[in-house]
Amino acid sequence: MTTFQENQKASSTDKILILKKIIGNGATRECYQHPSFSDKCIKIVIKGKSDKILKRELKYYPIIKATLNNFIVKYDNKLIQTDKGIGLVCELVKDENNKLSPSLLSYLKTHSIDKELESELHYFTYQLIEHRLYFYDFNLKNFVVQQKNGKKHLKYIDLKSYENNKSWTFLKLEKIFPPLAELIMIRRLKRLYKTLGMNFFK
C-alpha cells in the first residue's frame with residue numbers, strides 16, 4: 001500500500017497546473033476550479049499560510065471517510081503542484097442540473113430548513129458523537145446543500161477542524177481528554193442548531 005509520505009513525494013514530479021477560475025475563499029484557503037476536470041476543485045492555502053493544513057487534512061481523510069462517507073466530498077489521494085502552490089484536489093459538489101451546489105449560508109437566503117435537511121443534520125451530528133469524530137468549525141459556509149435525484153443532501157466540505165480546536169481556552173486539554181473534546185464540539189453544534197432555529201437532538 002502506498003504511504004501518505006510516498007504520495008507527497010510522488011506529487012512533486014507531477015505537471016504544474018495553472019489555476020484560473022476561483023470558486024470561493026475563506027480565512028486560510030482559496031478554492032479553484034480544476035483546469036482539467038469539471039467535477040473537481042483544488043484548495044490552495046492563502047499566501048503566507050502554511051500548507052501543513054492541506055497535508056493534515058489529506059492524512060486524516062481516510063479515517064473520516066470511513067464514517068462520514070455520505071456527508072463529505074471525495075479527495076484525490078495525493079497533493080499536487082500548481083502555479084499557486086501545493087493544492088488539495090477534491091470533488092466539486094454539483095446539483096443534478098450541473099450547477100454548483102450552494103453553501104448552506106447561500107441556500108438559507110431563499111429557503112428554510114425542511115424536514116429532509118433537518119434529518120440530514122441530525123444524522124450527521126449523531127455520527128460525529130457516536131464515532132467520536134471531533135470537529136470544531138460548523139460555519140454555514142462549511143456545508144453545501146446538494147439536490148440530486150429529487151432529494152436534498154447535506155455535505156460537510158471543510159475537514160481541517162478535525163481534532164484541531166483553535167481556541168486556547170482549554171490549553172489543548174481536549175486532545176488528551178475526549179469528554180472535553182465532545183463537550184466543546186457539542187457546544188458548537190448547539191450554536192449551529194440555534195442559528196438554524198432547530199432543537200438540538202441530544
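Everything below is about the structure shown above.
What you see is a predicted model, and the numbers here were worked out from it, not measured in a lab.

Peer 1: So what about the overall build of the chain? Which residues, and what values?
Peer 2: Check the secondary structure of the chain and you find five helices and seven strands. Reading the chain from its N terminus to its C terminus gives the helix and strand order α-β-β-β-α-β-β-α-α-β-β-α. Of all 202 residues assigned to the chain, the portion counted as buried reaches 41%. Restricting the contact set of the chain to residue pairs at least 6 apart, pairs at least 24 apart contribute 62%. Total accessible area on the chain stands at roughly 11800 Å², and carbon and sulfur atoms take up 52% of it.

Peer 1: Go over the packing of helix H4 (residues 115-130) against helix H5 (residues 178-195) with me, naming the residues and quoting the values.
Peer 2: Where H4 meets H5, the closest approach of the two axes is 11 Å, and the angle between their N-to-C directions is 170°. Here H4 is positioned roughly antiparallel relative to H5, judged by the angle of their axes. Where H4 approaches H5, its residues Leu121, His122, Thr125, Leu128 and Ile129 are matched on the opposing element by Glu182, Met185, Ile186, Leu189, Leu192 and Tyr193. Among the residues making up the contact of H4 with H5, the classes are represented as eight nonpolar, two polar and one charged.

Peer 1: Tell me about the nonpolar core, residues and numbers included.
Peer 2: Counting residues in hydrophobic clusters, the biggest one holds 49 residues, and the most contacted among them are Leu68, Phe124, Phe135 and Phe138. Those elements that place two or more of their residues in this core are strand E3 (40-45), helix H2 (52-68), strand E5 (85-91), helix H3 (104-107), H4, strand E6 (143-148), strand E7 (151-156) and H5. Examining the composition of this core, we find that eight residues originate from one element, H5, more than from any other. Those residues in contact with phenylalanine 135 that lie beyond four places of it in its chain are Ile64, Leu68, Leu128, Tyr156, Leu159, Ser161, Tyr162 and Met185. Core analysis: the next-biggest nonpolar cluster, separate from the first, contains seven residues, Leu19, Ile42, Ile44 and Val89 among them.

Peer 1: Explain the pattern of salt bridges residue by residue, including any values.
Peer 2: In total, this model carries eight salt bridges according to the counting rule given. Lysine 152 serves as the salt-bridge partner of aspartate 114, at 2.8 Å between the closest nitrogen and oxygen. One end of the pair, aspartate 114, is in the loop between H3 and H4; the other, lysine 152, is in strand E7, and 38 residues separate them in sequence. Residue classification places lysine 152 among the buried positions, given a relative accessible area of 17%. Residues joined in a network through salt bridges with shared partners are Arg29, Lys43, Glu57, Asp158 and Lys160.

Peer 1: Quick rundown of a nonpolar patch on the surface? Include the residues and the values.
Peer 2: A surface patch of nonpolar side chains, about 290 Å² in accessible area, is lined by Tyr123, Tyr126 and Phe201. Relative to the elements of secondary structure, tyrosine 123 occurs in helix H4.

Peer 1: Kindly report on the side chain of glutamine 33, identifying the contributing residues and their values.
Peer 2: In this structure, glutamine 33 sits in strand E2 (residues 29-33). You can call glutamine 33 buried: its relative accessible area is 17%. At 3.5 Å, the side chain of glutamine 33 and the backbone oxygen of serine 38 are in polar contact. When residues no more than four places from it in sequence are discounted, the contact partners of glutamine 33 are Leu19, Lys21, Ile23, Ser38, Lys40 and Leu92.

Peer 1: How would you explain H4 if you had to name every residue and give the values?
Peer 2: Its 16 residues give H4 an end-to-end C-alpha distance of 22 Å, which sits within 8% of 22 Å, the value for a rise of 1.5 Å per residue. For H4, every residue scored as buried is listed here: Leu117, Glu120, Leu121, Phe124, Thr125, Gln127, Leu128 and Ile129. Residues of H4 that are buried make contact with H2, H3, E6, E7 and H5. Among the residues trailing H4, arginine 132 stands out with phi positive, at a value near 55°.

Peer 1: Would you mind going over the sheet that holds strand E1 (residues 22-25) in detail, with residue names and values included?
Peer 2: Strands sit in the order E1-E2-E3-E5-E4 across an open sheet of five strands; the sheet is antiparallel. The sheet terminates laterally at E1 and strand E4 (80-82), the two strands that pair on one side only. Across the sheet, the axes of successive neighbouring strands diverge by a mean angle of 35°, strand direction being ignored. Pairing of E3 with E5, which is carried by five bridges, proceeds in the antiparallel orientation. Directly across from isoleucine 44, in E5, lies its bridge partner glycine 87. H2 contacts E2, E3 and E5 of the sheet and is inclined by roughly 35° relative to E5.

Conventions and cut-offs
Residues numbered from 1 in each chain as written. Predicted model: local features only at pLDDT ≥ 70, side-chain atom pairs only at ≥ 80, totals over all residues. Heavy atoms only, no water. Helix = DSSP H or I, 4+ residues; strand = E, 2+ residues; numbered from the N terminus. Buried < 20%, exposed > 50% of the residue type's maximum accessible area, 1.4 Å probe, protein only. Contact = heavy atoms within 4.5 Å. Areas by Shrake-Rupley, 256 points an atom, 1.4 Å probe, with all protein chains shown as cover. Axes fitted to C-alpha atoms, helices over the stretch in contact; angles between N-to-C directions. Parallel < 35°, antiparallel > 145°, perpendicular 65-115°, else oblique. Nonpolar A, V, L, I, M, F, W, Y, C, P; charged D, E, K, R; others polar. Core = buried A, V, L, I, M, F, W, Y, C linked by side-chain atoms within 4.5 Å. Salt bridge = Lys/Arg side-chain N within 4 Å of Asp/Glu carboxyl O. Patch = residues over 30% accessible without salt bridge, like charges linked within 9 Å, V, L, I, M, F, W, Y side chains within 5 Å. Polar contact = N/O pair within 3.5 Å; in protein donor to acceptor, adjacent residues only side chain to side chain. Expected span 1.5 Å × (residues − 1). Pairing = 2+ DSSP bridges.

From the geometry alone we can't say anything about function, so treat these as descriptive.
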